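For reference, the chains in residue letters:
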Amino acid sequence: MEAERGLGGTAFEPVSGQEAVEQVRRFLLAQGWAGLPAGDHLGKLADQGVRPEQVLWWVPGPAAEARAVALLHEGLLGLLLSSSDERPAARTLLEGHRSQFQRISVLEGQVDFSGLDEFVLHRRELAVAPELRVPEVSLPETRPAQSKDIDQIHHVYEHVSWMRQDSAEAWRERLQRQRCWVAELAGQVVAVARWTMSFGPWVEIGGVATDPEYRRCGAATAVTLAAATAALAEGRLACLRYGDPALASLYHPLGFEHVGRELVFYRGS
């Protein structure tokens, strides 16, 4: 793709050279929780042998600092801007290559997304936990997941619509890469939570799920607390994303605070 010139005079251009890659990394770290998805994605691509220069575009500032970053990979467009000045360039990038994108992710308010009629919009609430609050109620016991738990973890996730197609072996491989906590009742795994993303000091608590037969017994609360407590104990910062706003009643009493909203556009069938 050629450099995308915006109306404000800024432009997205391919990242080239180690210094530019380092500037992008500094930018993502400086954005805190907002830079976590792109930073984690870059790390996973690096494990697959994909170099940052193959997937990154940016808007450099006058001191060669990153002002905005776009991650383009296999139909995914992830956008992160430092200010409204980069909006015209982001929109130009989007319009010039929208037929290539199957999924677009951006923070609410950063880019004008009007007219994307071929996409279906999903909103995800974003929350962070500066500190945790432990409910004054009895909760199920929790512990780090072990390899022996794979079948039971798979059983829990069979009841989650977007995860039920994964096999037990797929979960075995995933848990080799992601730290995971389980809640137990009567020796049975009834709930699961994982560190689904990691970058810099930030980790995302995700994959929170409970066996339908054991809901409303505090199991989801217990595993969320276990995963977040482990992060804070290591000097890290915990955040999470959730699509159902009603889940705020689960997470906010634990100390998570709403910080924004992610917009995810999926191309319609």
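Residues numbered from 1 in each chain as written. Predicted model: local features only at pLDDT ≥ 70, side-chain atom pairs only at ≥ 80, totals over all residues. Heavy atoms only, no water.

Participant: Hey, could you run me through the packing of helix H4 (residues 150-157) against helix H5 (residues 168-177) in this one?
Facilitator: Think of two packed helices as two axes; the pair is described by the angle between the axes and how far apart they sit. For the pair H4 and H5, interaxial distance at closest approach is 9 Å and the crossing angle is 110°. With respect to their mutual orientation, H4 and H5 come out roughly perpendicular. Counted together, Ile 150, Asp 151, Ile 153, His 154 and Tyr 157 of H4 and Ala 168, Trp 171, Arg 172 and Leu 175 of H5 form the full contact between these two elements. Broken down by class, the residue content of the contact of H4 with H5 amounts to 6 nonpolar, 1 polar and 2 charged. (Axes fitted to C-alpha atoms, helices over the stretch in contact; angles between N-to-C directions. Helix = DSSP H or I, 4+ residues; strand = E, 2+ residues; numbered from the N terminus. Parallel < 35°, antiparallel > 145°, perpendicular 65-115°, else oblique. Contact = heavy atoms within 4.5 Å. Nonpolar A, V, L, I, M, F, W, Y, C, P; charged D, E, K, R; others polar.)

Participant: It is not clear to me how the packing of aromatic side chains should be interpreted in this structure. Could you clarify?
Facilitator: Under the definition given, this model contains 4 aromatic pairs. Aromatic side chains Trp 181 and Trp 195 sit 5.5 Å apart centroid to centroid with 45° between the ring planes, which places their arrangement in the tilted category. Remark: Trp 195 occurs in strand S10 (residues 188-199) and Trp 181 occurs in strand S9 (residues 180-185); sequence separation between them is 14 residues. In terms of burial, Trp 181 and Trp 195 fall into one category: buried. Arg 179 extends its terminal NZ or CZ atom over the ring of Trp 195, reaching a point 4.3 Å from the ring centre. (Phe/Tyr/Trp six-rings, centres within 6.5 Å; stacked < 30°, edge-to-face > 60°. Buried < 20%, exposed > 50% of the residue type's maximum accessible area, 1.4 Å probe, protein only. Lys NZ or Arg CZ within 6 Å of the ring centre and 35° of its normal.)

Participant: Hey, could you run me through the pairing of S10 in this one?
Facilitator: Each regular strand shows side chains that alternate between the opposite faces of the sheet. The element S10 is largely enclosed, with a buried count of 10 among its 12 residues. Examined bridge by bridge, S9 and S10 share 6 bridges and lie antiparallel to one another. Each bridged residue has a counterpart across the sheet, and for Trp 181 the counterpart in S10 is Ala 193. Bridge count for S10 against strand S11 (residues 202-210) is 7 bridges, and the pairing is antiparallel. Note that in S11 the partner of Phe 199 across the bridge is Trp 202. What sits between S10 and S11 in their antiparallel hairpin is a turn of 2 residues, with Gly 200 showing a positive phi close to 60°. (Pairing = 2+ DSSP bridges.)

Treat this as a map of the structure, not an account of what it does.
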